[in-house]
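For reference, the chains in residue letters:
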Amino acid sequence: MTPVALTPVVLIAEELAPAAIDVLAHDFDVRHVDGTDRPALLAALAEADAVIVRSATQIDAEAVAAAPRLKVVARAGVGLDNVEVPAATARGVMVVNAPTSNIVSAAEQALALLLAVARNTASASAALKAGEWKRSKYTGVEVQGKTVGVVGLGRIGVLFAQRIAAFGTRLIAYDPYVQPARAAQLGVRLVGLEELLRESDFISIHLPKTPETVGLIGEKELAIVKPGVRIVNAARGGLIDEQALADAIAEGRVGGAGIDVYAKEPCTASPLFAFDNVVATPHLGASTAEAQDKAGLAVAKSVKLALQGEFVPDAVNVQAGGVVAEDVRPLLPLAEKLGKVFTAVAGGVAASVTVEVRGEAVANEVSVLKLATTKGLFASVVEEQVTYVNAPLFAADRGVEVDLATFADSVDEPTLVTVRGALPDGRTVSVSGTVVVSGTRETIKLTEVDGFDIELTADGILLFFRYVDRPGVVGAIGSILGESGVNIAAMQVARREAGGEALMTLTVDSSVGAELLTQSADVIGATAASAADLRDE
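Residues numbered from 1 in each chain as written. Predicted model: local features only at pLDDT ≥ 70, side-chain atom pairs only at ≥ 80, totals over all residues. Heavy atoms only, no water.

A. Main features of the overall build of the protein. Helix and strand counts for the protein stand at 17 helices and 22 strands. Here the protein has a C-alpha radius of gyration of 30 Å; the compact-globule value for 537 residues is 24 Å, and the former is much larger. With the C-alpha coordinates aligned to their principal axes, the bounding extent of the protein is approximately 105 × 50 × 40 Å. Burial statistics for the protein: of 537 residues in total, 49% are counted as buried. (Helix = DSSP H or I, 4+ residues; strand = E, 2+ residues; numbered from the N terminus. Rg over C-alpha atoms; globule rule 2.2 N^0.38 Å. Buried < 20%, exposed > 50% of the residue type's maximum accessible area, 1.4 Å probe, protein only.)

B. Representation of the packing of aromatic side chains in the model. In the structure shown here, the tally under the stated rule is 2 aromatic pairs. Seen from the ring of Phe407, Arg358 lies directly overhead, with NZ or CZ sitting 4.1 Å from the centre. One cation-aromatic arrangement involves Arg496 over Phe452; the distance from NZ or CZ to the ring centre is 4.0 Å. (Phe/Tyr/Trp six-rings, centres within 6.5 Å; stacked < 30°, edge-to-face > 60°. Lys NZ or Arg CZ within 6 Å of the ring centre and 35° of its normal.)

C. Just the sheet that holds strand β11 (residues 254-259), in detail. Within the open sheet, the 7 strands sit side by side as β8-β7-β6-β9-β10-β11-β12. Their pairing is parallel. Two strands lie at the open edges of the sheet, namely β8 (189-190) and β12 (278-280), each paired on one side alone. Sheet analysis places strand β9 (residues 202-205) next to strand β10 (residues 229-233), joined by 4 bridges and oriented parallel. Residue pairing in the sheet places Phe202 in a bridge with Arg230 of β10. In the packing of helix α7 (residues 155-165) onto the sheet, contacts are made with β6 (147-151), β7 (170-174) and β9, and the angle to β6 comes to roughly 170 degrees. (Pairing = 2+ DSSP bridges. Contact = heavy atoms within 4.5 Å. Axes fitted to C-alpha atoms, helices over the stretch in contact; angles between N-to-C directions.)

D. Main features of the pairing of strand β3 (residues 50-53). Covered by surrounding structure in β3 are Ala50 and Ile52 together with Val51 and Val53, the residues of both alternating faces. Examined bridge by bridge, β3 and strand β4 (residues 72-75) share 4 bridges and lie parallel to one another. For Ile52, the partnering residue across the bridge sits in β4 and is Ala74.

The following block contains the structure:
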């Protein structure tokens, strides 16, 4: 009796936008728990296939261990400080976040801080509310015509630059990873950090926090800034030395600052809080209704893709990240199934494997096909769940090198994928396939197995028998499988010449155990017999 498949459980540990919950509600069992209640969280994780958190819930090694069914951890936000990614990776659990959900909000927050510092908005507001009308005390400066230095031209830095350019500013930027031509397209001149510090009337920081960027602007850098410069940091705390910045403001070298992030958070005491010309906010860069909704929707869609076995572009612990082109997406299940067939036909793990892609698809980025193939290669080899996350780990542990080769040459199919590998005994095995499109239907086809040309749908359970071509073999296989209650759905025999070596491929409706497979091989005198389960997980 076939067991009834359980509906995957998605555990929501913190508040999520209603629209995000709607994405999941139709296909999954959506449950809720207070992620800050540790005992309740661990208990709820026992049945979870996915968990969605924000920043308050800790998903560490203990939490991952408490979730035997867990396939994906989703953080509805940008950072991952509360998710122990290595522990998840070791278990094959995908970790996703929403890297672009708050980029507009963060850019706008930096712009708001810059304008507030330029016009002394916060201190003037506080004074007026305290009963003081002192217009001259809060005289500010215009932004138009000034030089604005952008430290970091990533996604947020670019958005900020585009917006501040509308004020009639001159833009310079420091980013060692951006080409001058790209900066020129944005109307930005690339300079070194020292030149940026010396020339800028305003500086806005938009860098990630890494060992290289922590303390990037400290006492030494602040000693060479243009007098009266105003500095904004709405990126990450610790990129500016807060005490050094406070000293520079006190000495008058820095005319003001807008600070949204701090080296240690929550932060309620800082030397910067003593100055009227410092606008300080409690890490509000992502605190907009739109950013929160975008983050929730993004991770909900990623969770749905992950639980449906699809590739997830925003997975942070998958080695082939990035958006998968529409022409490449149908090739993912093909590559994975070819990996499964390869391992079955090879009879074990190869020493090295090359994934060859030929035809139209190579106009796109196809490195993800190597990852999908690797996932298929180990699906029947290890007891653990094999995912896009841990498949490279299994390959590395077993010393299997998986390479990718692309060829733009014309082939009979629009795109042909071949998995070719060398076995430890010196043999070479190959399997090939393609995706046939008919209207809106996509069918995965096997076109070659170990040098034999075939045309068979890559679906269900496939059996492979290699033997010497002679009369009666097909009938013998049909009889022994029939007597064992195994129904044959499709069959194909390929041979190079009459009476030579032949390959019989069968699609059957139920699993065939090792004992029955061996018996069948013995009946026909097969030199090799194997099975590949290509049913959707």
